[in-house]
Amino acid sequence: NPAGSTHTCICPPGFTGVNCQNPQPCFINPCLHGGTCHPLGLSFNCTCPPHYTGPLCQNVFGCNIDNLDLVFVADSSGSIGLPNFQTVLSFLIDLVSQATIGPNHARVGMAEFSSNPQNVLYLDSYYLVGQIQSAIRNTSYIGTGTNIASGMNYALNNIFTIQHGSRPSLRRVMLVLTDGQDGSNVLAAHNTAAQLGITVIAIGVGVATDAQELVTIAGSPARVHNIANFANLTQLTDWTCHQITGN
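A few points on the structure. Treat the numbers as computed from the prediction; the structure is a model and nothing was measured.

Rules of the game
Residues numbered from 1 in each chain as written. Predicted model: local features only at pLDDT ≥ 70, side-chain atom pairs only at ≥ 80, totals over all residues. Heavy atoms only, no water. Helix = DSSP H or I, 4+ residues; strand = E, 2+ residues; numbered from the N terminus. Buried < 20%, exposed > 50% of the residue type's maximum accessible area, 1.4 Å probe, protein only. Contact = heavy atoms within 4.5 Å. Lys, Arg positive; Asp, Glu negative; His and termini not counted. Charge placed at Lys NZ, Arg CZ, Asp CG, Glu CD. Salt bridge = Lys/Arg side-chain N within 4 Å of Asp/Glu carboxyl O.

**Focus: the overall build of the chain**
The number of helices and strands found in the chain is six helices and 12 strands. For the chain, buried positions account for 47% of its 247 residues. Across the chain, contacts joining residues at least 24 apart in sequence account for 69% of those joining residues at least 6 apart. Distance between charge centres in the chain, computed from 6 positive and 11 negative side chains, equals 12 Å.

Spelled out as C-alpha cells, the structure:
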C-alpha cells in the first residue's frame, strides 16, 4: 500500500490481531483426551475430563472421587498473591476433574478465607463438572489477613448443611489449603468437624506454615502434606485424591 495508507490483514487460521501477530493458543486444541482449552492471553490451561490430569490432560488418573461430599477451604490471604492463588484454583479444578459429579454421586462445595470467610459454592449449587470448575475458576482473590478457623467454621456452619445439599450418611471431607499460620482456634473447628463425622485434610505451602497447626487442623499427621511452593501442588493430586476417597 502507498505510504500512510491503512491496511487490513486477512489472518491465517490460528492468528489474530491487526498484523496477525497474535497466535490463538486454543485454535488447535492442545488438550488431550477431550480436554477443554481455555485461552489465557498468549498461553492456555486445560480442563481435563474425568480420570485424566496434567497440564495437557496427558496422564491417566487412577483415583475416582464418588459418593461423598467434598468442600474446599482455600486460603485467599495477602501473602499468597494472585498468581499463586490462581495456581491453587487450577489444582482444585484438576481434583474436580477426577470426580463423578451428580446429585447421587459426588457433590463439591467451596469457601475461601482471608481475614473473613466467603462462600464460593454450596454442595447443591451445581451438579455438572464444568459448572463447578467454572465457579472455582472465577473465584475472586481477597488478599487481606489470615484466619484459617473462620474458613473452616464457615464451611461447617454454612456448606456442610442439609439445606445446602450435605448428606450426613455419606463420607464428608474438608480440604484446607493455606500458606500461613495464625492464632485462630483451629482446634475447636477441627473438633466440630470430628463431631459431625467430617474428615479434614490439610495442605500447607511454603516455609511460613506451622507444622503443628496443620496437624491440629487435620487431626492426624497422616492427613497433612507440606510442600515447598505452589508450583509443586500438581505433584499432590494423586495423594490428595486418595486422602479424599479414604482409599
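**Side note on the pattern of salt bridges**
Across all of its chains, the model carries one salt bridge by this definition. Asp69 is the salt-bridge partner of Arg167, the closest N and O atoms lying 2.8 Å from each other. One end of the pair, Arg167, is in the loop between α3 (148-159) and β10 (171-178); the other, Asp69, is in strand β7 (residues 68-75), with 98 residues separating them in the sequence. On the basis of relative accessibility, which here comes to 13%, the residue Arg167 falls in the buried class.

**Structural notes on the side chain of Thr240**
Along the chain, Thr240 turns up in helix α6 (residues 237-245). Given the relative accessible area of 0%, Thr240 is considered buried. Discounting residues that sit within four places of it in the chain, Thr240 has contacts with Phe91, Leu95, Leu175 and Ile203.

Purely geometric stuff here, so don't read any function into it on its own.
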